[in-house]
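Examining the three-dimensional arrangement
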Amino acid sequence: MQKHPGRYRVATVGVTTEPVTTMGGMRIVPDIALTELTPAASAMLILPGAEIWNPTNKGDNSAFAEMAGQFLAAGVPVAAICGATLGLAAAGLLNDRAHTSNAREYVAAAPEYSSEHYRDEPAVTDRGLITAGATFPVAFARNIFAELDLYSQAVAEAWFGLFDTGDPRWFFKLVAAGEAERAA
């Protein structure tokens, strides 16, 4: 149901290409090292949340926050959820864009944060920056899909309705929207 299937390829990025174990215990081998990543060769940078973004937990994802700044400066979208929003706040990247997070107080704890642009919403997009709180991964994904123009409005609306509510009526709307696109 994507407008252009295969247009994008997902690549995982690590500080190095050495295996990483997530908070949930999943082992991931990054496709590329952060030093190989460039905005020019990317459609978007998606930053997952984790405790490593919190400096009080001895985390240091500052290199990823710096890369996010390079992406935004180059006009390439950045998406951050949960703890990654704290990392962007600490880098001063939320100060001039509308954004959200786990809570206003969460990002306000970053000394470099001085924003009046906080929105108490599940997910916010402003000039290529997508942010979301930890409990809103479906809204986060919806905004990513919209920014990348992956789906038609009808498919995107039905997808969000289904996964946000779990209401089976949205499933049939999603199927119908997909069939209508294939017939067109």
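Above this text is the structure in question.
Each chain carries its own residue numbering, running from 1 in the written order of its sequence. Totals for whole chains, interfaces and linings use every residue, but because this is a predicted model, local features are given only for residues with pLDDT of at least 70 and side-chain atom pairs only at 80 or more, for both listing and counting. Calculated side-chain values reflect all of the structure's heavy atoms, with hydrogen atoms and water omitted.

Focus: the overall build of the protein chain
When helices and strands are tallied, the protein chain shows 6 helices and 8 strands. To qualify as a helix, a DSSP run of H or I must reach at least 4 residues; to qualify as a strand, a run of E must reach at least 2; elements of each kind are numbered from the N terminus. Helices and strands appear in the protein chain in the N-to-C order β-β-β-β-β-α-β-α-α-β-β-α-α-α. When we talk radius of gyration, it's over C-alpha atoms, and the globule rule is simply 2.2 Å times the number of residues to the 0.38. Over its C-alpha trace the protein chain gives a radius of gyration of 17 Å, about what one expects of a compact globule, namely 16 Å for 184 residues. Projecting the C-alpha coordinates of the protein chain onto the three principal axes gives extents of approximately 50 × 35 × 35 Å. Burial statistics for the protein chain: of 184 residues in total, 40% are counted as buried. In the protein chain, once contacts between residues fewer than 6 apart in sequence are set aside, the share between residues at least 24 apart is 47%. Counting only carbon and sulfur atoms, one obtains 56% of the accessible surface of the protein chain, whose full area is about 10400 Å². For every residue, the accessible area obtained with a 1.4 Å probe (protein chains only) is divided by the maximum for its type, and the residue is called buried under 20%, exposed over 50%, and partly exposed between those limits. Throughout, a residue-residue contact means that at least one pair of heavy atoms, one from each residue, lies within 4.5 Å. Exposure was quantified through the Shrake-Rupley algorithm and a 1.4 Å probe, taking into account, for residues, occlusion by the shown protein chains and nothing else.

Focus: the pairing of strand E6 (residues 78-81)
The alternating pattern of E6 places Val78 and Ala80 and Ala79 and Ile81 on opposite faces, both of which are buried. When DSSP finds two or more bridges between a pair of strands, those strands are recorded as paired. Note that strand E5 (residues 45-47) and E6 share 3 bridges and pair parallel. Looking across to E6, one finds that Leu45 is bridged to Val78. Sheet analysis places E6 next to strand E8 (residues 129-132), joined by 4 bridges and oriented parallel. When the bridges of E8 are listed, Ala80 appears paired with Thr131.

Remarks on the environment of Ser62
Residue placement: Ser62 occurs in helix H1 (residues 62-73). Taking relative accessible area as the criterion, Ser62 reaches 36% and is therefore assigned partly exposed. Taking the C-alpha atoms as reference, Ser62 lies 14 Å from Leu45; in sequence the two are 17 residues apart. Here the side chain of Ser62 touches Asp60 through a polar contact of 2.6 Å, side chain to side chain. Within 3.5 Å is the distance limit for a polar contact, defined as a pair of N or O atoms, with the added protein rule that one can donate a hydrogen and the other accept it, and that residues adjacent in sequence qualify only through two side-chain atoms.

Notes on a nonpolar patch on the surface
Two distance rules govern patches: like charges are joined within 9 Å, and nonpolar side chains (Val, Leu, Ile, Met, Phe, Trp, Tyr) within 5 Å, applied only to residues with over 30% relative accessible area and no salt bridge. A pair is scored as a salt bridge if a Lys or Arg side-chain nitrogen falls within 4 Å of a carboxyl oxygen belonging to Asp or Glu. There is a patch of nonpolar side chains on the surface, built from Phe171, Phe172 and Val175 and spanning about 290 Å² of accessible area. Relative to the helices and strands, Phe172 resides in helix H6 (residues 168-183). Given a relative accessible area of 57%, Phe172 falls into the exposed group.

Here we look at the packing of aromatic side chains
Pairing of aromatic rings covers Phe, Tyr and Trp, the last through its six-membered ring, and needs centres within 6.5 Å; plane angles under 30 degrees mean stacked, over 60 mean edge-to-face, and all others mean tilted. According to the stated counting rule, one finds 4 aromatic pairs in the structure shown. Aromatic pair Phe171 and Phe172: ring centres 5.2 Å apart, planes at 80 degrees, arrangement edge-to-face. With a relative accessible area of 41%, Phe171 lands in the partly exposed category. Linked through ring pairs, Phe145, Tyr151, Trp159 and Phe163 together constitute an aromatic cluster. Whether a charge lies above a ring is judged from NZ of Lys or CZ of Arg, which has to be within 6 Å of the ring centre and within 35 degrees of the ring normal. Seen from the ring of Phe160, Arg142 lies directly overhead, with NZ or CZ sitting 3.9 Å from the centre.

Some points on the packing of helix H4 (residues 137-148) against helix H5 (residues 153-165)
As a packed pair, H4 and H5 sit with axes 10 Å apart at the nearest point and diverge in direction by 165 degrees. When the interaxial angle is binned, H4 and H5 end up roughly antiparallel. Where H4 crosses over H5, the handedness of that crossing is right-handed. Contact residues: H4 offers Val138, Ala139, Ala141, Arg142 and Phe145, while H5 offers Trp159, Phe160, Phe163 and Asp164. Under the grouping applied here, Gly and all other residues not named as nonpolar or charged are polar, the nonpolar ones being Ala, Val, Leu, Ile, Met, Phe, Trp, Tyr, Cys and Pro and the charged ones Asp, Glu, Lys and Arg. By residue class, the composition of the contact of H4 with H5 is 7 nonpolar, no polar and 2 charged. A fitted line through C-alpha atoms serves as each axis, taken over the contacting stretch for helices, and the angle formed by two N-to-C directions is quoted from 0 to 180°. Roughly parallel refers to an angle under 35 degrees, roughly antiparallel to one over 145, roughly perpendicular to one between 65 and 115, and oblique to any angle outside these ranges. Two helices cross in a left-handed way if the nearer one is turned anticlockwise from the farther one by less than a right angle. They cross in a right-handed way if the turn is clockwise.

Comments concerning H5
Here the expected length of a helix is defined as 1.5 Å per residue gap, with one fewer gap than residues. The end-to-end C-alpha separation of H5 is 18 Å, in line with the 18 Å expected for 13 residues at 1.5 Å each. Residues of H5 that are buried include every one of Val155, Ala158, Trp159, Phe160, Gly161 and Leu162, and no others. On the buried face of H5, the contacting elements are H4 and H6. Backbone geometry just after H5 places Gly166 at a positive phi near 75 degrees.

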